[in-house]
Amino acid sequence: MNNAAKEENNNDTSTISISSTYHDLSQLVSQDMLVYPGDPQPQFEPFVTIKKDKINVTRIVMGSHTGTHVDAPKHFFTDGNGIDSEPVDKFIGETIILDLSDVIGGKGITDSDLDNYSGVIKRNDILLLYTGTNDKWKKEKDSQINNFTYMDLSSAQWIVEHGIKCVGIDTLSVERYGFKEGLTHRKLLSNNIGIIENLNSNIKAFVGRRMFLVCLPLLLKGIDGSPARAILFDIVS
C-alpha cells in the first residue's frame, strides 16, 4: 500500500509516493532518560487513578526540549516565533541521511564535511545527520554526554547557502556544549531553517538513502520548542 504526498520545491508542487511502512527516529521519553545537562528530568505523576476515579490520568512534567524535539526561533530570539507559529511543512518532506560519524566526538561538522555530499543534496531538502552519538551513549552510558558532535558555524552557513529547509541530528544539540553565543542556532533560526535534535540510533540504518520525513511538534502556544515524533517513510519509485 502506497500513500501520495505532496511537496513544494521552488514553488513547484510535485507528488511522490511513499510506503505505508514507517521507521521511528524518536527517543523514548522516560523518567530516567538522558537529557541535556541542566534541563529538567521528565516526571510522570499519577493525577487520577483507576482505583479511586475509574480512570488513569498522568501529570507529565518535562522541558520543552526533551527527547527528540524541534527548536522554535523563540529558543534563541526573544521576539522569535513560538512553536505554534512555525509552519509545520518545514518539518515534512524529502530527506537525505548523511553519514558524519567520522567526525570525532566533541568536534564540529564543517562546511567541508557537507561538501562531500553536495552531489546528492537538493534545494528544499531536509538533512538528517548521523554522527553515531547515540550508539556511543548506549555503550558508555552518560560518561560522554557532554562530548557530542555538533554543527560548526560554517556548516550552518553551508545549509543556508544551499537552500536546505530543515536539519536534524542524533545528538542533544546542533550547538557545541558550553557555547557562549549559540551562533549555529542563530544562523539557522534567523534564516527560517528548521532544527530537529536528539534523533535516535535507528537513523544509522538509513545512511545514504533519500526518504520522506514527517516530524510533528506539539501545538504549544508561544513555547520555544516542543518534543516531536520523527517518522521516516520509504519513497516508492
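Conventions and cut-offs
- Starting from 1, residues in each chain are numbered consecutively following that chain's sequence as written.
- Local features are withheld for residues below a pLDDT of 70 in this predicted model, meaning they are given only at 70 or higher, and side-chain atom pairs are given and counted only at 80 or more; totals for whole chains, interfaces and linings count all residues.
- Water and hydrogen atoms were dropped before computing side-chain values, which therefore reflect all heavy atoms in the structure.
- Under the DSSP-based scheme used, a helix requires at least four consecutive residues in state H or I and a strand at least two consecutive residues in state E, with every element numbered from the N terminus.
- Contacts are assigned to residue pairs that have any heavy atoms within 4.5 Å of one another.
- For every residue, the accessible area obtained with a 1.4 Å probe (protein chains only) is divided by the maximum for its type, and the residue is called buried under 20%, exposed over 50%, and partly exposed between those limits.
- Working note: the arc is built from the helix axis to C-beta atom directions.
- When DSSP locates at least two bridges between a pair of strands, those strands are taken to pair.
- Think of a nonpolar core as a cluster: buried Ala, Val, Leu, Ile, Met, Phe, Trp, Tyr and Cys residues, connected wherever their side-chain atoms sit within 4.5 Å.
- What pLDDT conveys is the predictor's confidence in a given residue, as a value from 0 to 100.
- Two rings from Phe, Tyr or Trp (for Trp, the six-membered ring) form a pair when their centres are within 6.5 Å of each other. A pair whose planes differ by under 30 degrees is stacked, one over 60 is edge-to-face, and the rest are tilted.

(A) Just the environment of Y150, in detail. Following the sequence through the fold, Y150 ends up in strand β9 (residues 150-151). In this structure, the C-alpha to C-alpha distance between Y150 and L189, residues 39 residues apart in sequence, is 16 Å. Setting aside anything within four residues of it in sequence, one finds Y150 in contact with G106, K107, G108, I109, S173, V174, E175 and R176.

(B) Expanded view of helix α5 (residues 183-190). Along α5, the positions that sit buried rather than exposed are T184, H185, L188 and L189. Take α5 and look down its axis: the buried residues cluster within an arc of 115°, on one side only. Tucked into the core, α5 has its buried residues touching β5 (69-71), β9, α4 (153-161), β10 (166-169) and β11 (194-197). N192 lies just past α5 and shows a positive phi near 60°.

(C) Layout of the environment of Y117. Structurally, Y117 is set in the loop between α2 (111-115) and β8 (126-130). Spatially, the C-alpha atom of Y117 lies 9.4 Å from that of D99, the residues being 18 residues apart in sequence. Not counting chain neighbours up to four residues away, the residues in contact with Y117 comprise L98 and D99.

(D) Local environment of unusual backbone geometry. The backbone phi angle of N124 is positive, close to 75°, even though this residue is not glycine. Given a relative accessible area of 17%, N124 falls into the buried group. Residue N198 is not a glycine yet carries a positive backbone phi of 65°. Structurally, N198 is set in the loop between β11 and β12 (210-217). Taking relative accessible area as the criterion, N198 reaches 4% and is therefore assigned buried.

(E) How the structure looks around the pairing of β12. Here β12 lies mainly inside the structure; 6 of its 8 residues are buried. By the bridge criterion, 5 bridges tie strand β6 (residues 92-99) to β12 in an arrangement that is antiparallel. Note on β12: the bridge partner recorded for T95 is M211.

(F) Region of interest: the nonpolar core. In this structure, L98, L127, L129, M151, I159 and L188 are the most contacted members of the largest nonpolar core, which totals 22 residues. If you list the elements that add at least two residues to this core, you get β6, β8, α4, β10 and α5. Ranked by residue count, the leading element in this core is α4, at 3 residues. Among residues more than four places away in sequence, those in contact with M151 are I109, L129, A156, I159, V167, I169, V174, T184 and L188. I203, F206, A228 and L232 belong to the second-largest nonpolar core, a separate cluster that totals 20 residues.

(G) Broad picture of the confidence of the model for the protein. In the predicted model, the protein carries a mean pLDDT of 92, and 91% of its residues have values of at least 70. pLDDT under 50 marks residues 8-12. Its contacts with residues more than four places away, or in other chains, come to 7 contacts.

(H) Summary view of the packing of aromatic side chains. Going through the model one piece at a time under the given rule, you end up with 3 aromatic pairs. Arranged with centres 5.8 Å apart and planes meeting at 50°, the rings of Y36 and Y177 form a pair that is tilted. In this pair, Y36 sits in the loop between β2 (12-24) and β3 (43-48) while Y177 sits in the loop between β10 and α5, placing the two residues 141 residues apart along the sequence. For Y177, a relative accessible area of 32% corresponds to the partly exposed category. Ring geometry for F76 and F179: centres 5.8 Å apart, planes at 40°, overall tilted. Residue F76 is found in the loop between β5 and β6, and its partner F179 is found in the loop between β10 and α5; the two are separated by 103 residues along the sequence. Among the aromatic side chains, those forming a connected cluster through ring pairs are Y36, F148 and Y177.

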